[in-house]
Amino acid sequence: IKYTLIQIFYYASICAMFGYASVFLLSKNFSNSEIGMILALGNTLAVVAQPLIAVVADKSTSSKMNLMLRLMIGIQIVLSLLIYFVPLPNIVLIIAMTFILAICMTLMPFMNSLAFVYDRHGYKINFGLARGLGSVAYAVASIILGNLVAMVNASVIPMSYIIINVALYIGVQSYSIKGLNEATVNLEEKHQEKIEGSNFFAQHKLFMIFLIGVVAIYFTHMFINNFFIQIVNNVGGNSGHMGNAIFLAAMVELPIMAYYRKINSKFSNGFLIKFSLFFFVVKHFLTYIATNMFVIYIAQASQVLAYAIFIPASVYYVNEVMDVKDQNKGQSLITTSMAMAGIFASLAGGVLLDLIGVKETLLVGVIISAIGFVIGMFTVKDVK
């Protein structure tokens, strides 16, 4: 229950921070290109921070890791209070928003790793169910925030940062087991370590190439997310249709994620990753050929076989192919790849839209995601 609440509050915070960043910044008179730069900068900081923090986390006890997470969430709360209560000059607001976005993205691999912290002590957690309810929380938070902004104004957005992150802080703080022998945990982790001086990248060459495929797949995924209103407008839809489409995509994720362990008992994590990458390409192709909202809704619903499978499959896959001492690094590299794709999608996507238009940019995206699928086919191992 504690872990599920952490996922719920975390993905509600992602909705508020990333999903409504443009709405808040537009209310502060920032241009679309400036907003794109802020989003890209936040992702860039996350790309730098995630591997560095993962190295520290892999060498830390679970209680120290918990403290590190609470420290990052605490910084978000302080910055959110500053934005909400103090009229800030634009440059200070940009810095504060960049750090909030960067910390939010940096937290992702560690929120995933929390599911496995006590796994060796007999505490089994259904990661898929918890993550699926996180998607539901994202969908519900999107509807609530959208209505609140319409009824009040965009100032409710930083207030939502404060409320959600306080709840997340309490959830993470409560996530501990009384009497757990940290010395035993450290002993187990040291026992798992390989010969000193072994190189992470040399040990996991195929995994590093697989990450290039993740960047390629997620480039198009993030482009569609970042510029969805332009795509919807291009087929005759409006912001209401866009909200419905986002809600649909988030809600269909729950059943697959909740029953992922059952699916995983029939198929390996490696096979399921390849399967999900194929359906990412299908989703992107359907979005490209769409001429009306009905096809857009079908494309969004196909997320059930793409994103909904990829997220739990990739998390379990990392824990399957890596030693305990490397698992935080592995999880962080997956989300670092997603953040890098977000940077490219924010910067290149806007330029391509201006130069060649929506349809042509989506075609480029389909080609790039197909390349990502091919890379995944040759680099993901089918571990039983």
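In this text, all values refer to a predicted model and were calculated from it rather than measured experimentally. (Residues numbered from 1 in each chain as written. Predicted model: local features only at pLDDT ≥ 70, side-chain atom pairs only at ≥ 80, totals over all residues. Heavy atoms only, no water.)

**Topic: the overall build of the chain**
In terms of regular secondary structure, the chain is built from 20 helices and zero strands. Sorting the 384 residues of the chain into buried and exposed places 55% on the buried side. As displayed, the chain offers around 16800 Å² of accessible surface, 69% of which is attributable to carbon and sulfur atoms. (Helix = DSSP H or I, 4+ residues; strand = E, 2+ residues; numbered from the N terminus. Buried < 20%, exposed > 50% of the residue type's maximum accessible area, 1.4 Å probe, protein only. Areas by Shrake-Rupley, 256 points an atom, 1.4 Å probe, with all protein chains shown as cover.)

**Some thoughts on the confidence of the model for the chain**
Within the chain, residue pLDDT values average 83, and 89% of them lie at 70 or more. Averaged pLDDT values for the elements of the chain fall to 43 in helix α9 (residues 182–192) and rise to 94 in helix α16 (residues 269–289). pLDDT under 50 marks residues 181–197. Its contacts with residues more than four places away, or in other chains, come to 20 contacts. (pLDDT = per-residue confidence, 0-100. Contact = heavy atoms within 4.5 Å.)

**Considering helix α17 (residues 293–301)**
Among all positions in α17, only Met293, Val295, Ile296, Ala299 and Gln300 are buried. On an axial view of α17, the arc spanned by its buried residues comes to 155 degrees, and they lie on one face. Two to three positions downstream of the cap, the backbone nitrogen of phenylalanine 294 sits 3.1 Å from a side-chain oxygen, assigning the N-cap of α17 to asparagine 292. (Arc of directions from axis to C-beta. Polar contact = N/O pair within 3.5 Å; in protein donor to acceptor, adjacent residues only side chain to side chain.)

**Some words on empty space enclosed by the protein**
Applying the stated criterion to the full structure yields one cavity of 30 Å³ or more. If you add up the space inside the largest cavity, you get close to 50 Å³. Along its surface, the largest cavity is lined by Tyr11, Met108, Asn112, Ile311, Ser314, Val315, Gln331, Ile334, Thr335 and Met338. Considering each element in turn, the lining of the largest cavity owes the most residues, four residues, to helix α19 (residues 327–356). (1 Å grid on protein atoms, 1.4 Å probe; cavity = no way out; pocket = protein on both sides within 12 Å on 5 of 7 lines; lining within 4 Å. Points joined across faces, edges and corners; volume = space filled by probe spheres on them.)

**A few points about a nonpolar patch on the surface**
Together, Leu45, Leu81, Leu82, Tyr84, Phe85, Val86, Ile91, Val92, Ile95 and Phe99 make up an exposed nonpolar region whose accessible area comes to about 840 Å². Only α4 (62–85) and α5 (90–106) provide two or more residues apiece to the nonpolar patch. Tracing the chain through its elements places isoleucine 91 in helix α5. (Patch = residues over 30% accessible without salt bridge, like charges linked within 9 Å, V, L, I, M, F, W, Y side chains within 5 Å. Salt bridge = Lys/Arg side-chain N within 4 Å of Asp/Glu carboxyl O.)

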